[in-house]
Amino acid sequence: MDGWMQGSLARVKLKNFVTYESVEFKTGPHLNIIIGPNGTGKSSIVCAICLGLGGKTNLLGRAREIGEFVKHGTNVAIIELELYNKHGLNYTIKRSISRDNKSDWFINQRPVNLKEVTALAKKLNIDVNNLCQFLPQDMVAEFAKMSPSQLLESTERAVGGQSLIDMHQSLITLKNEHKSITTSQTSKEEYLDKLIKRNEYLKDIVKKHKERTNHLKKIEVLQLKRPWLLYEVARIKFKQLRDGKQALQQRVEVLQEAAKPLEHLVERKKTKKVQIEGTIKTITNELNKINTDIRTVETTLSLDKRTFGRTSRRVQI
């Protein structure tokens, strides 16, 4: 069947559903439009498709209980949907709804449960909860509130199913990984730049440390050489002093030889000096004695003079 996609709706059959007593119509592979005046059951067909694919009543905004969709005056409503299967016979989903809110499910006349029906719908990429795939008139306001990201995700689910969602999620993951890698790379580049700058700083420190080490080694060598240099200076000075001493000793010896005649003369002069000093001492002693005698005589004369004076006065009397 040209133009048909896997899971496309091929036929709808309703019995005792809302306003329909019995109706069956086939759809085409492309756009299908239902036209009719208000109240003729257009929305009922949409409700039947939703409920026949396992949708819940709260999606429709019409009734809370499934039994309310059974036509008045009847006890059981039947929804039968035929879905295109390009791999073999079409899938026929049948739902029998009782007024007491119970449902019986069938796939190709085989009794099943709701879980198997929803699994088949998911397999055929049918999701009545996706507003981009199934939009009841009562949910238009909710559709308008959807964010761009929600619309994109719903569109992807409607067009490509879970595989497209997985691909998109993988793309998001890869983008996040790329962002993380870029951030990490930027961080590492900044860290590398810091390391390079620190390396340059450390190079300067190492250079200064090496220079300091070399200077310390030179200082150590010079400190080791210093005693030797001091010894060498002292040795040279000692040699100079020793040579000077020898020269002075030689000069002293020459002067001593030259002074020997003078020494003899000095000795003689000393001897003569001693003799003269002895003579002077003797003469001095004699002078002192004479002076003593003179003073004695003067004293005697003075006494005699006083005595003579007293005698003269007595004679006059």
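Above this text sits the structure in question.
Residues numbered from 1 in each chain as written. Predicted model: local features only at pLDDT ≥ 70, side-chain atom pairs only at ≥ 80, totals over all residues. Heavy atoms only, no water.

Q: Which residues make up the sheet that holds strand β3 (residues 76-83), and what values go with them?
A: The strand order across the open sheet formed by six strands is β2-β1-β3-β4-β5-β6, and the pairing between neighbours is antiparallel. For this open sheet the edge positions go to β2 (20-26) and β6 (110-112), each flanked by a neighbour on one side alone. Averaged over all neighbouring strand pairs, the angle between strand axes comes to 15°, with direction disregarded. Pairing analysis gives eight bridges linking β3 to strand β4 (residues 91-98), with the strands arranged antiparallel. (Pairing = 2+ DSSP bridges. Helix = DSSP H or I, 4+ residues; strand = E, 2+ residues; numbered from the N terminus. Axes fitted to C-alpha atoms, helices over the stretch in contact; angles between N-to-C directions.)

Q: If you had to explain helix α2 (residues 114-123) to someone new, which residues and values would you point to?
A: Inspection of α2 places V117, L120 and A121 among the buried residues, and these make up the whole buried set. Projected down its long axis, α2 carries its buried residues within an arc of 100°, all on one side. For α2, the exposed residues set more than 90 degrees away from the buried face come down to K115, K122 and K123. Structurally, α2 contributes buried residues whose contacts are with α1 (42-52), β4, β5 (103-107) and β6. Looking one or two residues beyond α2, the residue adopting positive phi is N125, at roughly 60°. (Buried < 20%, exposed > 50% of the residue type's maximum accessible area, 1.4 Å probe, protein only. Arc of directions from axis to C-beta. Contact = heavy atoms within 4.5 Å.)

Q: Now, about unusual backbone geometry: what can you tell me, with residues and values included?
A: With phi around 55°, V18 is a residue other than glycine that occupies positive phi space. Looking at the element boundaries, V18 is found in the loop between β1 (9-17) and β2. Even without being glycine, Q109 reaches a positive phi, approximately 70°. Q109 sits in the exposed class, given a relative accessible area of 61%.

Q: Which residues make up the state of the cysteines, and what values go with them?
A: Scanning the entire structure with this criterion turns up zero disulfides. The cysteine C47 is free of any disulfide, with C50 supplying the nearest cysteine sulfur at 7.3 Å. (Disulfide = S-S within 2.5 Å.)

Q: Just give me the short version of the packing of aromatic side chains, but keep the residues and values in it.
A: Applying the stated criterion across every chain, the model contains two aromatic pairs. Residues W4 and Y84 carry aromatic rings whose centres are separated by 5.8 Å and whose planes lie at 40° to one another, so their mutual orientation is tilted. In this pair, W4 is assigned in the segment before β1 and Y84 in the loop between β3 and β4, connecting sequence segments 80 residues apart. The ring centre of F106 lies 5.8 Å from the NZ or CZ of K94, which sits over that ring. (Phe/Tyr/Trp six-rings, centres within 6.5 Å; stacked < 30°, edge-to-face > 60°. Lys NZ or Arg CZ within 6 Å of the ring centre and 35° of its normal.)

Q: Now, about the nonpolar core: what can you tell me, with residues and values included?
A: In terms of nonpolar packing, the biggest core is built from 34 residues, with L14, F17, L53, F69 and I79 touching the most fellow members. Looking at this core, the elements with two or more residues in it are β1, α1, β3, β4, β5 and α2. Among the elements that take part in this core, α1 stands out by supplying six residues, more than any other. Dropping the residues within four chain positions of it, L53 is found in contact with L81, L83, I93, V117, A121, I126 and V128. (Core = buried A, V, L, I, M, F, W, Y, C linked by side-chain atoms within 4.5 Å.)

Q: Which residues make up the side chain of E82, and what are the values?
A: Mapped onto the secondary structure, E82 falls in strand β3. Within the local environment of E82, its side chain forms a polar contact with the side chain of R11, the two groups lying 2.7 Å apart. The contact partners of E82, leaving out residues within four places of it in the chain, are S8, L9, A10, R11, N90, Y91 and T92. (Polar contact = N/O pair within 3.5 Å; in protein donor to acceptor, adjacent residues only side chain to side chain.)

Q: With reference to specific residues and values, describe the pattern of salt bridges.
A: All chains considered together, the criterion is met by 10 salt bridges. For E116, the salt bridge goes to R110, with nearest N and O atoms at 3.4 Å. According to the relative accessible area criterion, E116 is partly exposed, its value standing at 33%. Residue R110 is classed as partly exposed on the basis of its relative accessible area of 43%. (Salt bridge = Lys/Arg side-chain N within 4 Å of Asp/Glu carboxyl O.)

By themselves, these are just geometric observations and shouldn't be taken as functional.
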